Amino acid sequence: MAKKVLVVDDEKLIVKGIRFSLEQDDMEVDCAYDGEEAVQKARENQYDIVLLDLMLPKLDGLQVCQQIREFSDVPIIMLTAKGEDMDKILGLEYGADDYITKPFNILEVKARIKAIMRRTQTKAAQEQKEKVVQAGDLVMDCDARRVSIKGKDINLTAKEFDVLELLVLNPNKVYSRENLLNLVWGYDYPGDVRTVDVHIRRLREKIEENPSDPKYVHTKWGVGYYFAA
């Protein structure tokens, strides 16, 4: 799928040159020529990266960067004239990911874009991987809220899933019954810790071959419960 780039600069010749070069690499390019237009386009479209000039009409690049960061974590490369202390600007946490000083070589721009996109893809793949957890024969899909063991779906209630998810995502960490009650049911829940024991027992009946000798959800006597496979 073609990568989509937003190029923001009030110098139309620069925009035209960048656009032409990026399109040669099969990227889809949108252009904006002032800060307000840039923010509007970033709101209305999904971009893989934004090339953003520092000096712009209506809103400058830093204001644009701040406003985009309120609703998007799209990677942003700032374009700045030589001599501007971009390191300091980036250090003020405006939210830019990189910067390139003008005049620049378009090959450098493309190299920086590709490097950031690679990092972003790796991070996204890692985050997606973390949403599906496998431990032994147990597979938990946190997004779909599904659990299966040896390929067979296990039908859990919402609270059973919540308890198991907390334990699975924190393997070998022992949670007291009070801690589980507060984290899963909330601090204002009127019930007591027996609620936790009941849910653990039902959970074991569904996911364990032998609930009295559990393989997944274990008891640390006198302390609480933990997950290990």
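Parameters at a glance
- Every chain begins its residue count from 1, and numbering advances along the sequence as written.
- Predicted model: local features are reported for residues with pLDDT of at least 70 only, side-chain atom pairs are reported and counted for 80 or more only, and whole-chain, interface and lining totals are derived from all residues.
- Just so you know, side-chain values use all the structure's heavy atoms and leave hydrogens and water out.
- A run of H or I in DSSP counts as a helix once it spans at least four residues, and a run of E counts as a strand once it spans at least two, with each numbered from the N terminus.
- Residue ranges for the domains originate in an automatic or database domain assignment.
- Strands qualify as paired when DSSP identifies two bridges or more between them.
- Inter-axis angles, ranging from 0 to 180 degrees, are taken between N-to-C directions of lines fitted to C-alpha atoms, where helices are fitted over the stretch in contact.
- By definition, residues are in contact when any of their heavy atoms lie within 4.5 Å.
- Each angle gets one of four labels, with under 35 degrees taken as roughly parallel, over 145 as roughly antiparallel, 65 to 115 as roughly perpendicular, and the rest as oblique.
- Side-chain classes follow a simple rule in which Ala, Val, Leu, Ile, Met, Phe, Trp, Tyr, Cys and Pro form the nonpolar group, Asp, Glu, Lys and Arg form the charged group, and the remainder, Gly included, forms the polar group.
- UniProt positions are given in the numbering used here, feature names are shortened, and annotations may be inferred rather than shown by experiment.
- For the exposure calls, accessible area comes from a 1.4 Å probe over protein chains only, and a residue counts as buried if that area is under 20% of its type's maximum, exposed if over 50%, partly exposed in between.
- The crossover handedness rule: strands pointing away from the viewer, path from first strand over the helix to second strand clockwise, crossover right-handed.

**A short note on unusual backbone geometry**
So, point 1. Residue Pro 103 is bonded to the preceding Lys 102 through a cis peptide linkage, with omega at -10°.
So, point 2. Structurally, Pro 103 can be placed in the loop between β5 (98-102) and α5 (106-131).
So, point 3. Although it is not a glycine, Lys 58 adopts a positive phi angle of roughly 70°.
So, point 4. Here Lys 58 shows up in the loop between β3 (49-53) and α3 (61-69).

**A few points about the domain arrangement of the chain**
A common measure of how large an interface is: the accessible area buried when the components associate.
So, point 1. The assigned domain composition of the chain is domain 1 (3-122) and domain 2 (132-227).
So, point 2. Domain 1 and domain 2 are separated by 45 Å when their C-alpha centres are compared.

**Some thoughts on the sheet that holds β3**
So, point 1. Ordered by their spatial adjacency, five strands build an open sheet running β2-β1-β3-β4-β5, and the pairing between neighbours is parallel. Two strands lie at the open edges of the sheet, namely β2 (28-32) and β5, each paired on one side alone. Direction aside, neighbouring strands of the sheet carry axes that sit 20° apart on average.
So, point 2. Pairing between β3 and strand β4 (residues 76-81): four bridges, direction parallel. For Leu 52, the partnering residue across the bridge sits in β4 and is Met 78.
So, point 3. Where α3 meets the sheet, it contacts β3 and β4, and its direction lies at approximately 170° from that of β4.

**Brief notes about the packing of helix α6 (residues 158-168) against helix α8 (residues 194-207)**
So, point 1. For the pair α6 and α8, the least separation of the axes is 10 Å and the interaxial angle reads 85°. Classified by the interaxial angle, the pair formed by α6 and α8 is roughly perpendicular. Only His 199, Ile 200, Arg 202, Leu 203, Lys 206 and Ile 207 of α8 make contact with α6, whose side of the interface consists of Lys 159, Glu 160, Val 163, Leu 164 and Leu 167.
So, point 2. Among the residues making up the contact of α6 with α8, the classes are represented as six nonpolar, one polar and four charged.

**Observations regarding the sheet that holds strand β6 (residues 132-135)**
So, point 1. Taken together, the four strands give an open sheet; going across it, the order is β6-β7-β8-β9, and neighbouring strands pair in antiparallel fashion. Pairing within the sheet leaves two strands with one partner each, and these edge strands are β6 and β9 (152-154). On average, adjacent strands in this sheet sit at an angle of 25° to one another, irrespective of strand direction.
So, point 2. Bridge count for strand β7 (residues 138-141) against strand β8 (residues 146-149) is four bridges, and the pairing is antiparallel.

**Notes on the pairing of strand β10 (residues 217-220)**
So, point 1. Relative to strand β11 (residues 224-227), β10 runs antiparallel, the two sharing four bridges. Within the sheet, the bridge partner assigned to Lys 220 lies in β11 and is Gly 224.
So, point 2. Count of turn residues in the β10/β11 antiparallel hairpin: three residues, of which Gly 222 carries a positive phi of about 80°.

**Focus: the UniProt feature "modified residue: 4-aspartylphosphate" (unreviewed entry) in the chain**
So, point 1. On the UniProt side, "modified residue: 4-aspartylphosphate" (unreviewed entry) is annotated at positions that read Asp 53 here.
So, point 2. Among the secondary structure elements, Asp 53 is positioned in strand β3.
So, point 3. With relative accessibility at 4%, the residue Asp 53 sits in the buried group.
So, point 4. Those residues in contact with Asp 53 that sit more than four places away from it in its chain are Val 8, Asp 9, Asp 10, Gly 61, Leu 79 and Lys 102.

**What to know about the pairing of β3**
So, point 1. A large share of β3 lies buried, amounting to five of its five residues.
So, point 2. Here β3 shows a buried face lined by Ile 49, Leu 51 and Asp 53 and a second buried face lined by Val 50 and Leu 52.
So, point 3. Where strand β1 (residues 4-8) meets β3, four bridges bridge the pair, whose relative direction is parallel. The partner of Val 7 across the bridge, within β3, is Leu 51.
So, point 4. In this region the chain leaves β3, passes through α3 and returns to the parallel neighbour β4; the handedness of that crossover is right-handed.

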